[in-house]
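The lines below spell out each chain.
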Amino acid sequence: MITFFRRKSGKTSEDLSSVSNKGAGCNENNDIPVGNSQNNESLPEIEEALEGLQDVKSESEKPLPLFLRQEIANKFLDVVFYRKNYPDLNELTDDELTKHFAEHGFYEFRDPSILLRHSEFSEMGCGLCGWLVEPDFYSLPSSLWEIAVQKSGLHYDLDSLTVVTKILNVWKVSKVYEAELLFLIFSHSGEVTRAINGNLPSYFDWASEEYSSDVDRLHAWFYEFANNGTSFSNFFDENFYSKKYTDLKDVNYFYHFLAHGCDEGRLPNAIFCDYQYHGSASKGFSGFYNNDGLIPEYATGVNVFLNRVCGEDKCYEFQRLFGKLASVVNGKFDCYSDFSIFMNLFNADYLHASIGERARLGFDTLRWWFSEGRSVPFSPLFCRSIEGRDVSDWLDEFVSWVGDSNKQAEIPCYLYDEEFYRLRNIDLASMPGSAFLHFINHGQFENRQAHPLFDLAWIGHAHNTFGRSALDYYFYRESVGQSIKPAPEIMPINGGLDFSDEQWLIGGIQSVAEYFYENRIFDLSSGTELSRVISAASKIDPQIKKYDPIRTCSVMPFNHDAWPGMRKLADVVGRRDILIFRDGINFGGADVVLKHCYQALSETGLSIGVVALSDVDYQVVDAHGISRDDVIDLSSIDETNRNDFKPHLVYDIIIGSQCKSIFNLNCGAAWVAIEDYGKIIKKRAKISAFMFCDDRDVYENVAGYPARYFISTARHLDSIFVDSDALKTELLKRSAGSNNLAKKIHVLHSPLINSIASTVAYVDNLPERRSISIAWAGRFDEQKCPDLLREIAIMLPEVKFHVWGKAVLSKKNYNLSSVPNIILEGLYSVVDEITAKECDLYLYTSRWDGIPTILLRIQEQGIPIVASDVGGVSEAIPSVGLVKGYSAGEYVEKIRYFIDNLSDISEVFDAYKQENLAERTQENFTEIILESNNGN
Amino acid sequence: MATDISVIITAHKEGELLYPTVRSANEAIRKLKSNHDLNLSVLIYLDDADDYTKSAAKDVAELYGFDILEGSNGDPGQARMDAIQHVTGEYIALLDGDDLWSDNWLQLCWQYILDNSPEGKYGDILHPEYNLIFGAHNLLVRQGDPGSPFYDEEFLRLTNYWDALCFARRQLFLDISYQKNDVSSGFAHEDYLWMCETLSSGVSHVLMKDAVHFKRRRMGSVSQFAEERKVKVRFNNLSLYGDSN
């Protein structure tokens, strides 16, 4: 990095460029340039000169002695990855690659392995070098740390870096990525790891009292794992793998599977089916993972299946076993509950002959089930058949019952309706005997419907079942707690029903079907009263069809998907006097306004509910002084998660809670509710709403809540709070200067939180000899223009940019970490962290905004600001800091002007703050909110 | 001789669709009378009806000996109430002018009354077990069953459990009347409100096993339905969380 020294003041832009043009050479202070391959020849000498510089604060600037780089290359370099990733090195041998990385690649920011990325470490602010030199000082980068630990569902705080280091020390593997890969798998789920080698004790079973810490325990476990690592069972079948994949020669098959095979879609054993495996995300085993970590849907299935087969875990909900079997075991083991048991046993001989291992697995599982003394609810009909009898061998009894019931053509399962099946499938109408066998052997795979409430054809059309039958898919989803609708007019049956009977949590559709069977509901069999009256009505009006194969059946209250969520609201919300609606609660500017609004309304002494319709960051809630008891977190109610329900939920909450006032603080569903039901809501509650700024869509059209809802909801709103004069002017323009609306619009200035520091004092206190640095903080989203920041940073290579933030809305990679003079600082907790960097100025590049709360915080700190002249920004900083255009060149020009004239500019800032920001107090904010709410 | 049951068929712009409606009502009456010696009256109530509907009503009234009464309420609940005011039956059986009853409907209702002798001033409100929606839609739906383990009164915060068609004591309608819809203020679904209010008053709702209400869904109903999304049932005790008192 090229280091640039700043004079106190008065330096011209020409001076800046002249210093910059010194290029990669050493400056007068003997600071060492790194990160430029042109200087590699002088490195050994430089390294010698470096001794004693260990107190350099920026880890990214810390150079490494050659011997250490060689050590790193030996230990961490994945030559296969390195060669493949850098085609210019294609011709080099392994040894040459190691030498290259140590001597060149390290400083050229080339990644040594797929898991050790310079960019990841750079975003942590330490760089790969810093991490490698002082690994204990830094946590793992996001790629490892977040995925491996934070997202894994493990709740203890492992020092994962130490763990990996220890794994390296104890594991007899030559490559660090192999250890890391296993660590990742371990971190995702101990159960998976245990299943990988069922002969080994689980980490979680490891006697904790023998070790003083998790790290030590894991260390010992891995040692055991490593020493026995060639013996696998249950999950990885080396014999199968070696025979199936004959392209592999002279490799450790297990390592190959972990390192490559799983990503290549290779199967680890004969029973790991395509559905779970390839279907997970069409990416094989790695499909179980995404950027957010393990995909729970698939992880649960695999873990539980494996553990169940191993017979180790006795704690899991037993009912789910058959769902797992249905999903995981290939071939004919496709069904669930009554279906699967009946079918499997009926076809046992055939199955055993053709797919012996799978049949054995099914029988073993059944035996295990019965050995546990379990019965209901896997087959309630069977249990009824043995009621009151002493059964010595459940399995034999079951097999016998299955045979008998088939001979007698009795109902084998509540979800199979013989007459309905025949009626729906006219080709089976004259089939002799029971059509159940047809369903078992063919119908279920053809997604034929066999029950009025269970429409397999519809399920098959509504979902990607990954080539499996709709029946299998339905019960698979149910078994992992993600129920789907069994028919178009029926809600997901176990989706949130809170009845005390546990069986509702699993097998919900069977329970409903059982009730219907017992009470002859939807009994359309010939000769029933229901079929008779329909037939009679069809004679009066032929539009009423006696039997209609496309007629849908439904039943209240299961006919409404919103019901499970709705029924929970009463308990979650209760009675409230005031409700504030937010989409979610996180670290954004609107949440700062939420803090002020909550504080203002708390003055009333009335009960407040902050309704969040999506995720809530409780750290923000705490930081903003909002009582958690007042947060109504609808994201915790799964069934409320459908966007089309949300406006109804908002309405229900307003009416149900009997609140007297509502405040919409950037909540989309609340806007829809006000638009649709505002005239009704008004009869019960005063309606206020905040509007901050216009947004832009991808086509640069004006978008956002003010654009969408101002005109359509204005008549219902008692008060409209805007944060800038600019937005009020804009809204009045849109309403033709309406006096009616002008009375409703209140400019509500966000309060300052801290006392205002002097910009003059801030600038005077900056260290005298240091490099120029600029602070930038915000979301890495389109609105905040991180791409513009990047461009500016590239144009000012001599300036260091400290950048705080993360992407919230955008999926775009702005590649900020690739710019050498951008230092990604993560998220800041308090604005003091920005001040502590002693930057010369704060840069704000947003393309549209109201009055950004961050600018108020920066003004409080006394840092000079260069900002885009958009929205209400001109109401927060003096005009000297405004940039009118959108080009990087204009920003660079303004920045250089600021640096050259910082003393004068700081005085302008102080004068501005004195004159314009003093009235921004919580008291004034509270007064306006309460007055407008009382006055209307 | 006192009238036991007054059948009320409300019509508006149904035109010839009234024919199958009347015929289904007649079948249900015939079946009831074949088992019980009862005095029944039938009133076709025409609310702001068009000429086709008036003509059809006159036609079938003459054929079957039904009464006709015209009103101009422009509101389904008020039309029913006006009709109820003009009849004298102890029990009221409602039917919309384009829907059909199953032939067992009245028989099942009367048998229920005989078997259960519902107590209290109002007795119970009886509903057919199923609605079979036909025409532009095709759905067989089982209505809310207070006797089933799945019944949940909180469902009524979300939507109605029962169609307006029902069988109940006339005195109940007189004491707890249908309220006029006020769509411009965002309130509609007078039958939904009536169900909530009767429930809140302690009146029981009961399903008649295997009785079917055939509901005709006509083209255009879909857009009408979309528009109805923006109206809600009036506030009532069941709209509120927890103790409403």
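For clarity, every value in this text was computed on a predicted model and none was experimentally measured.

So, how was this worked out
- Residues numbered from 1 in each chain as written.
- Chains lettered and ligands numbered in written order.
- Predicted model: local features only at pLDDT ≥ 70, side-chain atom pairs only at ≥ 80, totals over all residues.
- Heavy atoms only, no water.
- Helix = DSSP H or I, 4+ residues; strand = E, 2+ residues; numbered from the N terminus.
- Contact = heavy atoms within 4.5 Å.
- Areas by Shrake-Rupley, 256 points an atom, 1.4 Å probe, with all protein chains shown as cover.
- Buried < 20%, exposed > 50% of the residue type's maximum accessible area, 1.4 Å probe, protein only.
- Buried area = accessible area lost by both parts, 1.4 Å probe.
- Salt bridge = Lys/Arg side-chain N within 4 Å of Asp/Glu carboxyl O.
- Polar contact = N/O pair within 3.5 Å; in protein donor to acceptor, adjacent residues only side chain to side chain.
- Nonpolar A, V, L, I, M, F, W, Y, C, P; charged D, E, K, R; others polar.
- Expected span 1.5 Å × (residues − 1).
- Arc of directions from axis to C-beta.
- Axes fitted to C-alpha atoms, helices over the stretch in contact; angles between N-to-C directions.
- Parallel < 35°, antiparallel > 145°, perpendicular 65-115°, else oblique.
- Left-handed = near helix turned anticlockwise from the far one by under 90°.
- Pairing = 2+ DSSP bridges.
- Phe/Tyr/Trp six-rings, centres within 6.5 Å; stacked < 30°, edge-to-face > 60°.
- Lys NZ or Arg CZ within 6 Å of the ring centre and 35° of its normal.
- Core = buried A, V, L, I, M, F, W, Y, C linked by side-chain atoms within 4.5 Å.

Overview of the overall build of chain A
Working step 1: Along chain A, the regular secondary structure elements total 43 helices and 18 strands.
Working step 2: In chain A, once contacts between residues fewer than 6 apart in sequence are set aside, the share between residues at least 24 apart is 66%.
Working step 3: Accessible surface for chain A amounts to roughly 39000 Å². Of this, 48% is attributable to carbon and sulfur atoms.

Description of the overall build of chain B
Working step 1: Assigned secondary structure in chain B consists of seven helices and 11 strands.
Working step 2: Counting the 245 residues in chain B, one finds 60% classified as buried.
Working step 3: Once local pairs closer than 6 in sequence are excluded, the contacts in chain B between residues at least 24 apart make up 79%.
Working step 4: For chain B, the accessible surface area stands at approximately 9800 Å², while carbon and sulfur atoms represent 45% of it.

Focus on the interface of chain B and chain A
Working step 1: Taken together, the 57 residues of chain B in the interface contact 58 residues of chain A.
Working step 2: Summing both partners gives a buried area of about 4900 Å² for chain B against chain A, and 62% of it is carried by carbon and sulfur.
Working step 3: When the area that chain B buries against chain A is broken down by residue, the three leading residues are F150(B), F235(B) and Y241(B), summing to 18%.
Working step 4: Where chain B packs against chain A, one counts six salt bridges.
Working step 5: Taking the shortest distance from any N to any O, the salt bridge between D676(A) and K230(B) comes out at 3.7 Å.
Working step 6: At the junction of chain B with chain A, the criterion picks out 22 residue pairs in polar contact (both at pLDDT 80 or more).
Working step 7: Those elements that place two or more of their residues in the side of chain B that touches chain A are α1 (18-35), β6 (125-135), β7 (139-142), β10 (205-217) and β11 (232-233) of chain B.
Working step 8: Tallied by class, residues from the side of chain B that touches chain A come to 22 nonpolar, 18 polar and 17 charged.

Quick word on helix α2 (residues 51-64) of chain B
Owing to its 3.6 residues per turn, the α-helix brings residues three or four apart onto one side.
Residue and element names in this part refer to chain B.
Working step 1: In this model, α2 (14 residues) spans 20 Å end to end at C-alpha, consistent with the 20 Å of a helix rising 1.5 Å per residue.
Working step 2: Three or more residues of α2 are buried, namely T53, A56, A57, V60 and A61. End-on view of α2: buried residues confined to an arc of 130 degrees, all on one side of the axis. Seen from the buried face of α2, the exposed residues on the opposite side, beyond 90 degrees, are D51, K58, E62 and L63.
Working step 3: On its buried side, α2 packs onto β1 (5-11), α1, β2 (40-47) and β3 (67-71).

What about the packing of helix α29 (residues 563-573) of chain A against helix α32 (residues 646-657) of chain A?
The relative placement of two packed helices comes down to the angle between their axes together with the axis-to-axis distance.
Residues and elements named next belong to chain A.
Working step 1: Contact pair α29 / α32: the axes reach a minimum separation of 10 Å and the direction vectors enclose 45 degrees. It follows that α29 is oblique to α32 by the angle criterion. Judged by the sense of rotation from one axis to the other, the crossing of α29 with α32 is right-handed. Here M566, L569 and V573 of α29 come into contact with α32, specifically with L649, D652, I653 and S657.
Working step 2: For the contact of α29 with α32, the class distribution of residues is five nonpolar, one polar and one charged.

Observations concerning the packing of helix α38 (residues 786-795) of chain A against helix α41 (residues 888-900) of chain A
Residues and elements named next belong to chain A.
Working step 1: Contact geometry of α38 with α41 gives a least axis separation of 9 Å together with a crossing angle of 55 degrees. Classified by the angle between their axes, α38 and α41 sit oblique to one another. Crossing of α38 over α41 shows right-handed handedness. Note on element contacts: α41 touches α38 through A888, G889, Y891, V892, I895 and R896, opposite L788, E791, I792 and M795.

Remarks on the sheet that holds strand β14 (residues 800-804) of chain A
Residues and elements named next belong to chain A.
Working step 1: Sheet architecture is open: six strands sit in the order β15-β14-β13-β16-β17-β18, paired in parallel fashion. The sheet is open, and its two borders are formed by β15 (822-824) and β18 (882-883), each paired with just one other strand.
Working step 2: Sheet topology note: the β14/β15 ladder contains three bridges and is parallel. If you follow H802 over to β15, its bridge partner there is I823.
Working step 3: Here α41 sits on the sheet in contact with β13 (773-777), β16 (841-844), β17 (865-868) and β18, set at roughly 165 degrees to β16.

Regarding the pairing of β7(B)
Regular strands place side chains that alternate from one sheet face to the opposite one.
Working step 1: Of the two faces of β7(B), the one lined by L139(B) and V141(B) and the one lined by L140(B) and R142(B) are each fully buried.
Working step 2: Note: strand β3 (residues 552-555) of chain A against β7(B), four bridges, orientation parallel. Bridge pairing in β7(B) links V555(A) to R142(B).
Working step 3: Taking the residues that link successive antiparallel strands as the turn, the β6(B)-β7(B) hairpin has three residues.

Describing the packing of aromatic side chains
Working step 1: One pass over the structure, following the stated rule, counts 31 aromatic pairs over all chains.
Working step 2: Residues F522(A) and Y130(B) carry aromatic rings whose centres are separated by 5.5 Å and whose planes lie at 50 degrees to one another, so their mutual orientation is tilted. One end of the pair, F522(A), is in the loop between α27 (508-518) and α28 (529-540); the other, Y130(B), is in strand β6, on a second chain. Take F522(A) and Y130(B): they sit in the same class, and that class is buried.
Working step 3: Sitting over the ring of Y886(A), R847(A) keeps its end group 4.7 Å from the ring centre.

Here's the deal with unusual backbone geometry
Residues and elements named next belong to chain A.
Working step 1: Cis geometry marks the peptide bond from M556 to P557; its omega dihedral reads 5 degrees.
Working step 2: Position of P557 among the secondary structure elements: in the loop between β3 and α29.
Working step 3: For N666, which is not a glycine, the phi torsion comes out positive at approximately 60 degrees.
Working step 4: With respect to the helices and strands, the residue N666 is situated in the loop between β7 (661-665) and α33 (668-681).
Working step 5: If you check the backbone angles, A736 has positive phi at about 55 degrees while not being a glycine.

Here we look at the sheet that holds strand β4 (residues 578-582) of chain A
Residue and element names in this part refer to chain A.
Working step 1: Pairing within the open sheet is parallel, and its seven strands lie in the order β6-β5-β4-β7-β8-β11-β12. Of all strands in the sheet, those with a lone pairing partner are β6 (631-633) and β12 (745-747), marking the two edges. Between one strand axis and the next, the sheet turns by 20 degrees as a mean value, whatever way the strands run.
Working step 2: Of the pairings in the sheet, the one linking β7 to strand β8 (residues 686-691) comprises five bridges and is parallel in character. Bridge assignment links I662 to a residue of β8, and that residue is I687.
Working step 3: Against the sheet, helix α35 (residues 725-734) makes contact with β8, β11 (719-722) and β12, and its axis sits at roughly 160 degrees relative to β12, the strand it touches most.

With respect to the pattern of salt bridges
Working step 1: Under the criterion given, the structure shown has 38 salt bridges over all chains.
Working step 2: Salt-bridge contacts for K121(B) lead to D175(B); the nearest nitrogen and oxygen are separated by 2.9 Å. You can see K121(B) sitting in the loop between α4 (105-116) and β6 and its partner D175(B) sitting in helix α5 (residues 170-175), a full 54 residues away along the chain.
Working step 3: By relative accessible area, which is 53% here, K121(B) ends up exposed.
Working step 4: Assessed through its relative accessible area of 34%, D175(B) is described here as partly exposed.
Working step 5: Several salt bridges share partner residues, and in doing so they unite D694(A), E730(A), K733(A) and R734(A) into one network.

Points about the nonpolar core
Working step 1: In terms of nonpolar packing, the biggest core is built from 136 residues, with F581(A), I654(A), I662(A) and F173(B) touching the most fellow members.
Working step 2: When near neighbours in sequence (up to four residues on either side) are disregarded, F173(B) contacts M81(B), I84(B), I92(B), L94(B), C166(B), A168(B), Y178(B) and W194(B).
Working step 3: Core analysis: the next-biggest nonpolar cluster, separate from the first, contains 59 residues, L766(A), L841(A), L855(A) and I895(A) among them.

Focus on the environment of A707(A)
Residues and elements named next belong to chain A.
Working step 1: Residue position: A707 is located in helix α34 (residues 705-713).
Working step 2: Accessibility expressed as a relative area gives 37% for A707, which makes it partly exposed.
Working step 3: Along the primary structure A707 and R734 are separated by 27 residues, whereas in three dimensions their C-alpha atoms are 9.2 Å apart.
Working step 4: If we skip the residues at most four places from it in the chain, A707 touches D694, V702 and R734.

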